[in-house]
Amino acid sequence: MVYVDSEHLADWLDSARVAKLPVESSERFDEYLCSLPWLPSRIDWRDIRYSTFSYHDAGWSGDAAVEWASEMGFMEFESAFIMYSASEPGILCNVRDAFFELDFLTLGRVHPAYICGARKAEGELVLAFDKFAEWDGFSVLTTPLP
C-alpha cells in the first residue's frame, strides 16, 4: 500500500491541506540524499555537523518543533515536501504543518522519512533538497547545519 493513500491522510488530501506529489519527486530527493554518507538504513551523521530535535524530550510539542524548524531556516519556505520512500509519492504541505503535525503525518511508520523545503519560483514548484531533515520514525529530527 502506498503510504499517502492511508485512511488517516484522506481528510487532509480531500481538503487540500496536503497534496500528493508524484513518485518522481521522491526519486529525485532520494538521489540527492544518496549522495550523502549512509549507514544501512539512514544517513551517517558522524562526519556532518547537525542539529537534532526530539519531540519526546519536548513533550511532543508541535510549537517547540516549529520553533526549532524556524531556527534551522525551514520557515523561510512556504511549503515542505515529506518523502516516505523513494518508490512512493510524497506529500506537499504547509511548512508549519510539516513540523507541527509530523507525528500525525507519519502515523504508523517506524521507518525514516525525509522533509525538505519547497517554494514556488516563476510558477514552478522547487524542492530545496539541500534544506532537509531526517525523521527517525520515532521522535527525533536531524538536519545539517550550514
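Residues numbered from 1 in each chain as written. Predicted model: local features only at pLDDT ≥ 70, side-chain atom pairs only at ≥ 80, totals over all residues. Heavy atoms only, no water.

J.: Could you clarify how one ought to interpret the packing of aromatic side chains in this entry?
T.: Two aromatic rings are characterised by how far apart their centres lie and by the angle between their planes. Under the criterion given, the structure shown has 14 aromatic pairs. Ring pairing ties together the aromatic residues Phe29, Tyr32, Trp45, Tyr50, Phe81, Phe129 and Phe132, which thus form one cluster. Its end group placed over the ring of tryptophan 12, arginine 17 keeps NZ or CZ at 3.9 Å from the ring centre. (Phe/Tyr/Trp six-rings, centres within 6.5 Å; stacked < 30°, edge-to-face > 60°. Lys NZ or Arg CZ within 6 Å of the ring centre and 35° of its normal.)

J.: Even after reading the chapter, I still don't get the pattern of salt bridges, so can you show me in this structure?
T.: A pair can form between side chains of opposite charge whenever their charged atoms are brought close. All told, the structure shown has four salt bridges when counted by the stated rule. Salt-bridge contacts for aspartate 5 lead to lysine 20; the nearest nitrogen and oxygen are separated by 2.9 Å. Here the residue aspartate 5 occupies a position in the segment before helix 1 (10–14), and lysine 20 occupies one in strand 1 (residues 18–21), the gap between them amounting to 15 residues. Close ionic contact of aspartate 63 with arginine 96 constitutes a salt bridge, the shortest N to O distance being 3.1 Å. Of this pair, aspartate 63 sits in helix 3 (residues 62–71) while arginine 96 is found in helix 4 (residues 95–100), placing the two residues 33 residues apart along the sequence. Among the residues examined, aspartate 63 registers a relative accessible area of 47% and is labelled partly exposed. For arginine 96, a relative accessible area of 35% gives the class partly exposed. (Salt bridge = Lys/Arg side-chain N within 4 Å of Asp/Glu carboxyl O. Helix = DSSP H or I, 4+ residues; strand = E, 2+ residues; numbered from the N terminus. Buried < 20%, exposed > 50% of the residue type's maximum accessible area, 1.4 Å probe, protein only.)

J.: Sorry if this is basic, but what is going on with the environment of isoleucine 82 here?
T.: By the element assignment, isoleucine 82 lies in strand 3 (residues 79–83). For isoleucine 82, a relative accessible area of 0% corresponds to the buried category. Note: C-alpha distance between isoleucine 82 and tyrosine 114 (32 residues apart in sequence) is 5.7 Å. Residues in contact with isoleucine 82, not counting those within four places in the same chain, are Gly90, Ile91, Cys93, Ala98, Leu102, Leu105, Tyr114 and Ile115. (Contact = heavy atoms within 4.5 Å.)

J.: Where do I start with the side chain of aspartate 97 in this structure?
T.: In this fold, aspartate 97 is placed in helix 4. Beyond its immediate stretch of four places on either side in the chain, aspartate 97 contacts Trp12, Arg17, Leu102 and Leu105.

J.: Is there a simple way to think about the sheet that holds strand 1 in this case?
T.: Two modes of strand pairing occur in sheets, parallel and antiparallel, and in both the strands are linked by backbone hydrogen bonds. What the seven strands build is an open sheet, ordered 1-4-3-5-6-7-2; its pairing is antiparallel. In this open sheet, the two edge strands, each paired with only one partner strand, are strand 1 and strand 2 (50–54). Taking the axes of each pair of neighbouring strands and ignoring which way they run, one obtains an average angle of 35° across the sheet. Here strand 3 runs beside strand 4 (residues 90–94); their pairing, made up of four bridges, is antiparallel. Residue pairing for strand 4: alanine 80 is matched across the bridge by cysteine 93. Together, strand 1, strand 3, strand 4, strand 5 (113–121) and strand 6 (124–135) form the strand contacts of helix 2 (residues 23–33), whose direction differs from that of strand 6 by roughly 55°. (Pairing = 2+ DSSP bridges. Axes fitted to C-alpha atoms, helices over the stretch in contact; angles between N-to-C directions.)

J.: Explanation requested: the nonpolar core in the structure shown.
T.: The tendency in soluble globular proteins is for nonpolar side chains to be buried side by side. Of all hydrophobic cores here, the largest spans 28 residues; its most connected members are Tyr55, Ile82, Tyr84, Phe99, Leu105 and Leu141. Every element with two or more residues in this core is listed here: helix 3, strand 3, strand 4, helix 4, helix 5 (102–105), strand 5 and strand 6. Of all hydrophobic cores here, the second largest spans 15 residues; its members include Leu21, Phe81, Ala118 and Phe132. (Core = buried A, V, L, I, M, F, W, Y, C linked by side-chain atoms within 4.5 Å.)

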